[in-house]
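Per-entry structural report
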Amino acid sequence: RDAPVESPLSKDGRYDPEAADAYFGRRPIQTLKRGAEIAGRAAGLGAAILLDVATDSVKENEKERATAVVDALVSLGPTFVKVGQALSIRSDLLSEAYCDALTTLQDACPPFDDAEARKVIADEVGADAFADLSSSVIASASLGQVYVGHVLRDDEKV
């Protein structure tokens, strides 16, 4: 844990437990905050479902709870959206209401923060890589989103 670690992955992009340990070990506050965020969401949803069980109103509130699960997954980020997408086809594990709600994650993912996306673009390809970039996202998915951009080739936009 002595050398700075910029990624929890190996140099070839694969999971590396030692790199992950070093990466998150250097960020205890961020790691605890993220864990608390996840635990808080799960506890809130769990409490609501337990209340439904205690008041015998599970079926009555099922669609509302399923929507709350989808909202929580979206707010927690792309990894959780992917989990929701995988669960959406597991009708052997979840009720129809939950599967229907989770299915919306297959084709209706909201875009993530525009400033964050632009920072990723700048970090990955350089801040000056594009002559222009659309002011807003034109499509989004669980792990990315699409902008229209032009580069210069022989002083011509392509």
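Residues numbered from 1 in each chain as written. Predicted model: local features only at pLDDT ≥ 70, side-chain atom pairs only at ≥ 80, totals over all residues. Heavy atoms only, no water.

**Here we look at the nonpolar core**
Ranked by size, the top nonpolar core spans 12 residues in total: Leu45, Ala66, Val69, Val70, Ala72, Leu73, Val81, Tyr98, Ala101, Leu102, Leu105 and Cys109. Looking at this core, the elements that each hand over two or more residues are helix H3 (58-76) and helix H5 (96-107). Looking at this core, the element that brings in the most residues is H3, giving five residues. Excluding residues that lie within four positions of it along the chain, Leu105 makes contacts with Val70, Leu73, Val74, Val81, Gly84 and Gln85. (Core = buried A, V, L, I, M, F, W, Y, C linked by side-chain atoms within 4.5 Å. Buried < 20%, exposed > 50% of the residue type's maximum accessible area, 1.4 Å probe, protein only. Helix = DSSP H or I, 4+ residues; strand = E, 2+ residues; numbered from the N terminus. Contact = heavy atoms within 4.5 Å.)

**Points about helix H2 (residues 28-54)**
When the terminal C-alpha atoms of H2 are compared, their 37 Å separation across 27 residues agrees well with the 39 Å that a helix rising 1.5 Å per residue should span. Contacts made by the buried residues of H2 are with H3. With its phi angle positive at about 55 degrees, Asp56 sits one or two positions after the end of H2. (Expected span 1.5 Å × (residues − 1).)

**Some details on the packing of aromatic side chains**
Within the structure shown, the criterion is met by one aromatic pair. Each ring, one from Tyr23 and one from Phe24, has its centre 4.9 Å from the other, and the planes form 90 degrees; the classification is edge-to-face. Stacked on the ring of Tyr23, the Lys or Arg Arg27 has its end atom at 3.8 Å from the ring centre. (Phe/Tyr/Trp six-rings, centres within 6.5 Å; stacked < 30°, edge-to-face > 60°. Lys NZ or Arg CZ within 6 Å of the ring centre and 35° of its normal.)

**Description of the confidence of the model for the protein chain**
Averaged over all residues, the pLDDT of the protein chain is 87; the fraction at 70 or higher stands at 95%. Of all the helices and strands in the protein chain, strand E6 (residues 156-157) carries the lowest mean pLDDT, 70, while H2 carries the highest, 96. (pLDDT = per-residue confidence, 0-100.)

**Section: the pattern of salt bridges**
This model, assessed by the stated rule, comprises eight salt bridges. Where Glu64 meets Arg65, a salt bridge forms, and the shortest distance between an N and an O atom there is 3.5 Å. Two residues, Asp92 and Arg90, come together in a salt bridge whose shortest N-O distance is 2.5 Å. (Salt bridge = Lys/Arg side-chain N within 4 Å of Asp/Glu carboxyl O.)

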